[in-house]
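Survey of secondary and tertiary structure
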Amino acid sequence: MIHPRFCLLPLLALSIGWLSGCSSSGDKLDDQISDALSNDNAIDVTEADALRVFIGQESKELSADKKTKALLTPDGKINESALVAYIKRNRTYRKLAKEDKEPAVSMAGAATSSKLLRLKVYLEASASMFPYDAPTGNGAFKRTINDVLTEFDAVNPGQGKLFVVNTEVNDLGLTLPQFFKQKDIFTVAKTKGKTTSTDFEGIFSEILRNTTGDDLSVLVSDLIYSDPSLTGMSAQKTLDAASSLLTTVFNPYASTHSMLVIKLTSDFDGTYYSWNNAKKKYTGERPYYLCLVGRNETMQRLYQDQTYQTIRRFDQLPGYADSWFFGRDTKNTTPFYSILVTDPARKGRFKRSGEEVRSHAKAIHALEDVQPDVADKSLTVPVAVDLSALRVPASLLTDASQYVVDGKDNFKVSAVQAYSGANGTTHKLLLSTDKPTRGERTATIRLRRQFPPRWIANTNTTNDASPDANSTFGIQNLLQGVERAYNPTNQTEYFTITINLE
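Residues numbered from 1 in each chain as written. Predicted model: local features only at pLDDT ≥ 70, side-chain atom pairs only at ≥ 80, totals over all residues. Heavy atoms only, no water.

**Looking at the nonpolar core**
One finds Phe-204, Leu-219, Leu-223, Phe-250, Val-381 and Tyr-403 to be the most contacted residues of the largest nonpolar core, which totals 66 residues. The element that contributes the greatest number of residues to this core is helix α16 (residues 475-486), accounting for six residues. With residues near it in sequence (within four places) discarded, Phe-204 still touches Leu-219, Leu-223, Leu-246, Val-249, Phe-250, Met-259 and Cys-291. Core analysis: the second largest hydrophobic core is formed by 46 residues, Phe-186, Ile-224, Ala-235 and Leu-302 among them. (Core = buried A, V, L, I, M, F, W, Y, C linked by side-chain atoms within 4.5 Å. Buried < 20%, exposed > 50% of the residue type's maximum accessible area, 1.4 Å probe, protein only. Helix = DSSP H or I, 4+ residues; strand = E, 2+ residues; numbered from the N terminus. Contact = heavy atoms within 4.5 Å.)

Spelled out as structure tokens, the structure:
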């Protein structure tokens, strides 16, 4: 609940109140910068992240203030260069610089790049989770958690921490060896907090707030929203509330943190609690989720650093089904791409443009002397693309229907293949048409950004009176709230690339 803030000043001191009333958001930001600088004559990555979080939380007031409005772009993102400039205008920064003690400002990367990632696992301990580790089960649920813990412990021994979440967050109080020896991993967990419901608003807020530096936080949960304060509401109103709350929770962190949601399945034997707390005995497979949260730089290291190559093979975890990545691009980047003029998949005749040959361009983006295939008058142009920076499931990247092509030739992407080529290219797109045109023209290829992806839509249900092996109540609504925080302008594509033909 949001409570209005009032400045209660004695009437006799009203004149003072005009000078020293409630501090504005800009004043509080200045104070936060000054405090950070005063500590050690520097702003490190963690402190910079804290500034970003504050700006996100106070964005409405800051964007309305002439002094601070440049900190936010028109679409609500943080203007990083403006933030650095603002820090350097801070009174404490200028004072230190005048004393020949100009502070160091590290906005991203440098402060954490040399340290190993630290794992924090948050295990949801609510009544709906206990049947995942029932004595009659096949142990896939515990095996998945053990695999995550042991893979990280092999890289950074003794650093893993275990927490329990439901209506609150508590330390589990077990070392990794003690946890591994538990016959039922919920034996200790169910003694922590209240197991009757799960406060996802509070849990995600706590996880985001405490995921700093080199931390990687993993929430293990069925992601079924249950809030006692919403008792009596319809299912749809409950889900609408959940969606809005998650948007509010993630908004301040959307520029600094990312989240990977992984769907898995495991045996379930026990009582299932539906959205309105109705009980039903269920035995069979049920979905659950790992939500990996980290700072953007941390997630990038997880995906790209060789140190973590065995850890990031999430598709090899027991019961893996699918995944989705939530992140906000700081800039619109075009992936490296190049036409494969001699690839066996080509149809028709074409060659690299003379201008690109003369300029020794690294990539081939333009063709000339384009002629259709003699036999069937069709044309197929293979294009190699580096999609390694996209954190989307491999199943989406290789789904030809996700690509849209604009241009006179009525091209379509007929196939997408995994491909290991020069300059780090990872996929080959086959651009095909039955009716190529003539003259100078372009073909523009876009990878659509759509939410929900097919697997989330297929998993979602708004009636869980009869639980099954695939469905999760309100998962689409819950994650839609997260998506709104990361994609506030409804960006419709991940990238756009263009080829020229004549």
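**Thoughts on the pattern of salt bridges**
Summed over the entire model, instances satisfying the criterion amount to 21 salt bridges. With a shortest N-O distance of 3.5 Å, Arg-454 and Asp-399 are connected by a salt bridge. Here Arg-454 is found in helix α15 (residues 454-459), whereas its partner Asp-399 is found in the loop between α14 (394-397) and β14 (403-406), with 55 residues between them in sequence. Taking relative accessible area as the criterion, Arg-454 reaches 54% and is therefore assigned exposed. Among the ionic contacts, a cluster of salt bridges with common partners joins Arg-118, Lys-120, Asp-214, Asp-215 and Arg-301. (Salt bridge = Lys/Arg side-chain N within 4 Å of Asp/Glu carboxyl O.)

**Structural notes on helix α10 (residues 200-210)**
Along α10, the residues that are buried comprise Phe-200, Ile-203, Phe-204, Ile-207 and Leu-208. Looking down the long axis of α10, one finds its buried residues gathered within 125° of arc, a one-sided arrangement. Where α10 is buried, its residues touch β3 (118-124), β4 (161-165), β6 (215-221), α11 (235-250), β7 (257-273) and β8 (279-295). (Arc of directions from axis to C-beta.)

**So, the sheet that holds β6**
Across the sheet, which stays open at both edges, the seven strands sit in the order β5-β4-β3-β6-β8-β7-β9 with mixed pairing between neighbours. The open sheet has two edge strands, β5 (169-171) and β9 (320-326), and neither has a second partner. Neighbour to neighbour, the strand axes of the sheet diverge by 25° on average, direction disregarded. Relative to β4, β3 is paired through five bridges, and the arrangement is parallel. Looking at β4, one finds that Lys-120 is bridged to Lys-161. Running at roughly 165° to β3, helix α7 (residues 140-155) makes contact with β3, β4, β6, β7 and β8 of the sheet. Lying over the sheet, helix α12 (residues 296-304) contacts β6, β7, β8 and β9, oriented at roughly 105° with respect to β8. (Pairing = 2+ DSSP bridges. Axes fitted to C-alpha atoms, helices over the stretch in contact; angles between N-to-C directions.)

**A closer look at unusual backbone geometry**
Cis geometry marks the peptide bond from Phe-451 to Pro-452, where omega comes out at 5°. Tracing the backbone shows Pro-452 in the loop between β17 (441-448) and α15. Unusually for a residue other than glycine, His-360 sits at a positive phi of about 55°. By the element assignment, His-360 lies in the loop between α13 (354-359) and β12 (367-371). Classification of His-360 as exposed rests on a relative accessible area of 68%. One non-glycine residue with positive phi stands out, namely Asn-490, at about 55°. Checked against the element boundaries, Asn-490 lands in the loop between α16 and β20 (493-501).

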